[in-house]
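# Topology and contacts: notes
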Amino acid sequence: QKRLPGVDIVSLQPGTITFKGMLRGAELRKFYPDLDRPDIISDAGLVHTRFGTNTLAKWSIAQPFGVIAHNGEVNSIRKILKVMENLERMNAIPGTNIMPNASDSANLDRALQFLQAKGLSLEESVRWMIHPPLDDLVKMPEAIRNYFAGVSRAMGSLKAIGPIALLGMDRNKIVAALDNMGLRPLRVVQRKDKLVIIASEVGMPHVDNRTKFDRIGPGEMRIL
(Lines give C-alpha, C1' and ligand atoms only; values in the text may rest on other atoms or scores of the structure.)
Protein backbone atom coordinates (compact mmCIF):
# COMPACT_ATOMS: atom_id res chain seq x y z
CA GLN A 1 0.00 0.00 0.00
CA LYS A 2 1.27 3.45 -0.89
CA ARG A 3 1.10 5.91 1.98
CA LEU A 4 0.60 9.61 1.39
CA PRO A 5 2.95 11.77 3.51
CA GLY A 6 1.07 13.48 6.31
CA VAL A 7 -2.21 11.70 5.54
CA ASP A 8 -3.82 9.15 7.84
CA ILE A 9 -7.27 7.62 7.38
CA VAL A 10 -8.94 7.83 10.79
CA SER A 11 -11.56 5.14 10.24
CA LEU A 12 -13.29 3.32 7.40
CA GLN A 13 -15.56 1.31 9.68
CA PRO A 14 -19.18 1.23 8.49
CA GLY A 15 -21.58 2.64 11.03
CA THR A 16 -18.88 4.67 12.78
CA ILE A 17 -18.25 8.41 12.54
CA THR A 18 -15.07 9.89 14.01
CA PHE A 19 -14.81 13.58 14.93
CA LYS A 20 -11.37 14.98 15.71
CA GLY A 21 -10.06 18.47 16.20
CA MET A 22 -7.18 20.41 17.69
CA LEU A 23 -9.48 22.38 19.95
CA ARG A 24 -11.07 22.40 23.37
CA GLY A 25 -13.77 19.84 24.02
CA ALA A 26 -16.42 22.53 24.45
CA GLU A 27 -15.69 23.77 20.91
CA LEU A 28 -16.31 20.44 19.20
CA ARG A 29 -20.03 21.03 18.72
CA LYS A 30 -19.35 24.42 17.12
CA PHE A 31 -16.75 22.93 14.79
CA TYR A 32 -18.97 19.97 13.76
CA PRO A 33 -22.56 21.31 13.54
CA ASP A 34 -23.83 17.87 12.44
CA LEU A 35 -23.54 16.85 16.12
CA ASP A 36 -26.69 18.95 16.67
CA ARG A 37 -28.64 17.25 13.89
CA PRO A 38 -31.56 15.21 15.29
CA ASP A 39 -31.21 12.60 12.54
CA ILE A 40 -27.67 11.67 13.64
CA ILE A 41 -28.17 9.26 16.54
CA SER A 42 -25.81 6.76 18.12
CA ASP A 43 -26.28 4.13 20.79
CA ALA A 44 -22.75 4.78 22.07
CA GLY A 45 -20.01 7.37 21.97
CA LEU A 46 -16.30 7.30 22.75
CA VAL A 47 -14.80 10.62 23.89
CA HIS A 48 -11.19 11.57 24.60
CA THR A 49 -9.93 15.01 25.59
CA ARG A 50 -6.21 15.49 26.04
CA PHE A 51 -4.77 17.90 28.58
CA GLY A 52 -1.15 18.41 27.51
CA THR A 53 1.32 18.71 30.36
CA ASN A 54 4.73 18.47 28.73
CA THR A 55 4.07 18.60 24.97
CA LEU A 56 2.15 20.86 22.62
CA ALA A 57 -0.78 19.41 20.72
CA LYS A 58 -0.09 18.19 17.19
CA TRP A 59 -1.82 15.85 14.79
CA SER A 60 1.02 13.33 14.59
CA ILE A 61 0.60 12.32 18.26
CA ALA A 62 -3.19 12.57 18.46
CA GLN A 63 -5.11 9.50 19.59
CA PRO A 64 -5.85 7.46 16.46
CA PHE A 65 -9.45 6.49 17.31
CA GLY A 66 -9.43 3.64 14.81
CA VAL A 67 -10.89 1.32 17.44
CA ILE A 68 -9.60 2.60 20.80
CA ALA A 69 -8.87 5.55 23.03
CA HIS A 70 -7.04 5.44 26.35
CA ASN A 71 -5.83 7.30 29.39
CA GLY A 72 -2.27 6.60 30.44
CA GLU A 73 0.83 5.33 28.70
CA VAL A 74 1.66 2.26 26.63
CA ASN A 75 4.95 1.07 28.11
CA SER A 76 6.73 1.04 25.93
CA ILE A 77 6.60 1.66 22.22
CA ARG A 78 9.31 -0.97 21.75
CA LYS A 79 7.00 -3.62 23.22
CA ILE A 80 4.24 -2.72 20.79
CA LEU A 81 6.62 -2.81 17.83
CA LYS A 82 7.88 -6.19 19.03
CA VAL A 83 4.31 -7.44 19.15
CA MET A 84 3.80 -6.26 15.57
CA GLU A 85 6.90 -8.13 14.49
CA ASN A 86 5.63 -11.28 16.22
CA LEU A 87 2.29 -10.94 14.44
CA GLU A 88 4.01 -10.67 11.07
CA ARG A 89 6.13 -13.71 11.87
CA MET A 90 3.06 -15.72 12.94
CA ASN A 91 1.29 -14.97 9.67
CA ALA A 92 4.37 -15.08 7.45
CA ILE A 93 3.11 -12.00 5.60
CA PRO A 94 3.56 -8.27 6.00
CA GLY A 95 0.57 -6.13 6.78
CA THR A 96 0.65 -5.03 10.40
CA ASN A 97 1.15 -1.49 9.18
CA ILE A 98 4.00 -0.62 11.55
CA MET A 99 4.86 3.07 11.75
CA PRO A 100 8.06 3.41 13.82
CA ASN A 101 7.69 7.20 14.04
CA ALA A 102 4.07 7.07 15.14
CA SER A 103 2.90 7.30 18.74
CA ASP A 104 2.55 4.29 21.03
CA SER A 105 -1.23 4.87 20.88
CA ALA A 106 -1.22 4.62 17.08
CA ASN A 107 0.76 1.40 17.01
CA LEU A 108 -1.39 -0.20 19.72
CA ASP A 109 -4.47 0.76 17.71
CA ARG A 110 -2.98 -0.76 14.55
CA ALA A 111 -2.03 -3.95 16.38
CA LEU A 112 -5.61 -4.36 17.60
CA GLN A 113 -7.01 -3.70 14.13
CA PHE A 114 -4.63 -6.29 12.68
CA LEU A 115 -5.78 -8.90 15.18
CA GLN A 116 -9.40 -8.15 14.27
CA ALA A 117 -8.57 -8.45 10.57
CA LYS A 118 -7.18 -11.93 11.34
CA GLY A 119 -10.52 -13.01 12.83
CA LEU A 120 -10.36 -12.05 16.51
CA SER A 121 -13.19 -10.10 18.09
CA LEU A 122 -12.55 -6.71 19.65
CA GLU A 123 -12.59 -8.15 23.18
CA GLU A 124 -10.23 -10.97 22.18
CA SER A 125 -7.84 -8.48 20.60
CA VAL A 126 -7.81 -6.39 23.78
CA ARG A 127 -7.28 -9.51 25.90
CA TRP A 128 -4.25 -10.42 23.80
CA MET A 129 -2.74 -7.10 24.89
CA ILE A 130 -3.98 -6.85 28.48
CA HIS A 131 -3.59 -9.94 30.67
CA PRO A 132 -5.00 -10.58 34.17
CA PRO A 133 -2.63 -10.09 37.14
CA LEU A 134 -0.50 -13.16 37.79
CA ASP A 135 -1.98 -13.60 41.30
CA ASP A 136 -5.46 -13.83 39.74
CA LEU A 137 -4.39 -15.92 36.77
CA VAL A 138 -2.98 -18.76 38.88
CA LYS A 139 -6.41 -19.15 40.54
CA MET A 140 -8.28 -19.39 37.24
CA PRO A 141 -9.30 -22.64 35.51
CA GLU A 142 -6.57 -24.51 33.67
CA ALA A 143 -8.12 -23.77 30.27
CA ILE A 144 -7.85 -20.01 30.89
CA ARG A 145 -4.26 -20.33 32.14
CA ASN A 146 -3.36 -22.31 29.03
CA TYR A 147 -5.02 -19.70 26.84
CA PHE A 148 -2.91 -16.86 28.22
CA ALA A 149 0.20 -19.04 28.14
CA GLY A 150 -0.37 -19.49 24.41
CA VAL A 151 -1.00 -15.78 23.93
CA SER A 152 2.23 -14.97 25.77
CA ARG A 153 4.22 -17.32 23.53
CA ALA A 154 2.75 -15.70 20.44
CA MET A 155 2.95 -12.08 21.53
CA GLY A 156 6.00 -11.97 23.74
CA SER A 157 6.02 -10.41 27.20
CA LEU A 158 3.13 -7.98 27.56
CA LYS A 159 2.46 -8.40 31.25
CA ALA A 160 2.75 -4.65 31.93
CA ILE A 161 1.98 -2.46 28.93
CA GLY A 162 0.42 0.24 31.11
CA PRO A 163 -0.42 2.12 33.15
CA ILE A 164 -3.40 2.32 30.83
CA ALA A 165 -7.20 2.56 31.04
CA LEU A 166 -8.49 1.53 27.62
CA LEU A 167 -11.84 1.84 25.87
CA GLY A 168 -12.57 0.27 22.50
CA MET A 169 -15.68 0.34 20.35
CA ASP A 170 -16.98 -1.32 17.22
CA ARG A 171 -20.46 -1.49 15.69
CA ASN A 172 -21.74 -4.05 18.20
CA LYS A 173 -20.05 -3.46 21.53
CA ILE A 174 -17.89 -1.37 23.84
CA VAL A 175 -14.92 -2.93 25.61
CA ALA A 176 -13.38 -1.34 28.71
CA ALA A 177 -10.17 -2.72 30.20
CA LEU A 178 -7.57 -1.78 32.79
CA ASP A 179 -4.00 -3.05 32.68
CA ASN A 180 -2.94 -5.44 35.41
CA MET A 181 -1.07 -2.80 37.42
CA GLY A 182 -4.31 -0.87 37.92
CA LEU A 183 -2.66 2.54 38.19
CA ARG A 184 -5.28 4.36 36.11
CA PRO A 185 -8.84 4.51 37.48
CA LEU A 186 -11.74 3.32 35.34
CA ARG A 187 -15.14 4.04 36.88
CA VAL A 188 -18.60 2.87 35.82
CA VAL A 189 -21.91 4.66 36.47
CA GLN A 190 -25.26 3.21 35.42
CA ARG A 191 -28.43 5.30 35.59
CA LYS A 192 -32.02 4.15 35.91
CA ASP A 193 -32.63 4.98 32.25
CA LYS A 194 -29.95 2.40 31.31
CA LEU A 195 -27.39 5.06 30.32
CA VAL A 196 -23.90 3.77 31.21
CA ILE A 197 -20.90 6.10 31.58
CA ILE A 198 -17.36 4.74 31.85
CA ALA A 199 -14.67 7.30 32.58
CA SER A 200 -11.20 7.52 34.04
CA GLU A 201 -11.19 10.94 35.66
CA VAL A 202 -12.99 11.83 38.89
CA GLY A 203 -14.69 14.76 37.17
CA MET A 204 -16.69 12.66 34.72
CA PRO A 205 -20.07 14.10 33.68
CA HIS A 206 -22.49 14.65 36.54
CA VAL A 207 -25.49 12.32 36.48
CA ASP A 208 -28.70 12.34 38.49
CA ASN A 209 -30.71 9.39 39.80
CA ARG A 210 -27.56 7.29 39.83
CA THR A 211 -28.43 3.69 40.61
CA LYS A 212 -25.07 1.92 40.41
CA PHE A 213 -21.47 2.94 40.91
CA ASP A 214 -18.67 0.51 40.19
CA ARG A 215 -15.05 0.37 39.08
CA ILE A 216 -13.03 -1.85 36.80
CA GLY A 217 -10.19 -3.58 38.65
CA PRO A 218 -6.60 -4.39 37.59
CA GLY A 219 -6.50 -6.65 34.56
CA GLU A 220 -10.30 -6.67 34.37
CA MET A 221 -12.35 -6.22 31.20
CA ARG A 222 -16.02 -5.30 30.79
CA ILE A 223 -18.08 -5.72 27.62
CA LEU A 224 -21.19 -3.63 26.98
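Attention here is on the structure that accompanies the text. None of these values were measured; they are calculated from a predicted model.

## Quick notes on the pairing of strand β4 (residues 187-191)
Direction of pairing for β4 relative to strand β5 (residues 196-199): antiparallel, over a ladder of 4 bridges. In the strand pairing of β5, V189 is matched with I197. Linking β4 back to β5 in an antiparallel pair, the connection comprises 4 residues, with K194 at a positive phi of about 80°.

## Remarks on a nonpolar patch on the surface
A contiguous nonpolar surface patch, about 340 Å² in accessible area, is contributed by V7, I9 and L12. Note on placement: L12 falls in the segment before α1 (28-31).

## Considerations on the sheet that holds strand β7 (residues 221-223)
Read from one edge of the open sheet, 4 strands run β1-β2-β3-β7, paired in antiparallel fashion. Each having just a single partner strand, β1 (68-72) and β7 make up the two edges of the open sheet. Here the average twist between neighbouring strands, direction ignored, is 10°. Relative to strand β3 (residues 174-178), strand β2 (residues 164-169) runs antiparallel, the two sharing 5 bridges.

## Let's talk about the pattern of salt bridges
Here the structure, examined in full by the defined rule, presents 8 salt bridges. The shortest N-O distance in the salt bridge between D39 and R37 comes to 2.7 Å. A relative accessible area of 53% places D39 in the exposed class. Among the ionic contacts, a cluster of salt bridges with common partners joins E123, D170 and K173.

## So, the packing of helix α4 (residues 122-129) against helix α6 (residues 142-155)
In contact at an axis separation of 9 Å, α4 and α6 are set at 70° when each is read in the N-to-C sense. Between α4 and α6, the interaxial angle falls into the category roughly perpendicular. On the side of α4, the interface is formed by E124, R127, W128 and M129, while α6 contributes Y147, F148, V151, A154 and M155. The residue inventory of the contact of α4 with α6, partitioned by class, reads 7 nonpolar, no polar and 2 charged.

Reading guide: rules and limits
- Residues numbered from 1 in each chain as written.
- Predicted model: local features only at pLDDT ≥ 70, side-chain atom pairs only at ≥ 80, totals over all residues.
- Heavy atoms only, no water.
- Pairing = 2+ DSSP bridges.
- Helix = DSSP H or I, 4+ residues; strand = E, 2+ residues; numbered from the N terminus.
- Patch = residues over 30% accessible without salt bridge, like charges linked within 9 Å, V, L, I, M, F, W, Y side chains within 5 Å.
- Areas by Shrake-Rupley, 256 points an atom, 1.4 Å probe, with all protein chains shown as cover.
- Salt bridge = Lys/Arg side-chain N within 4 Å of Asp/Glu carboxyl O.
- Axes fitted to C-alpha atoms, helices over the stretch in contact; angles between N-to-C directions.
- Buried < 20%, exposed > 50% of the residue type's maximum accessible area, 1.4 Å probe, protein only.
- Parallel < 35°, antiparallel > 145°, perpendicular 65-115°, else oblique.
- Contact = heavy atoms within 4.5 Å.
- Nonpolar A, V, L, I, M, F, W, Y, C, P; charged D, E, K, R; others polar.

Function-wise, these values are silent; they only describe arrangement.
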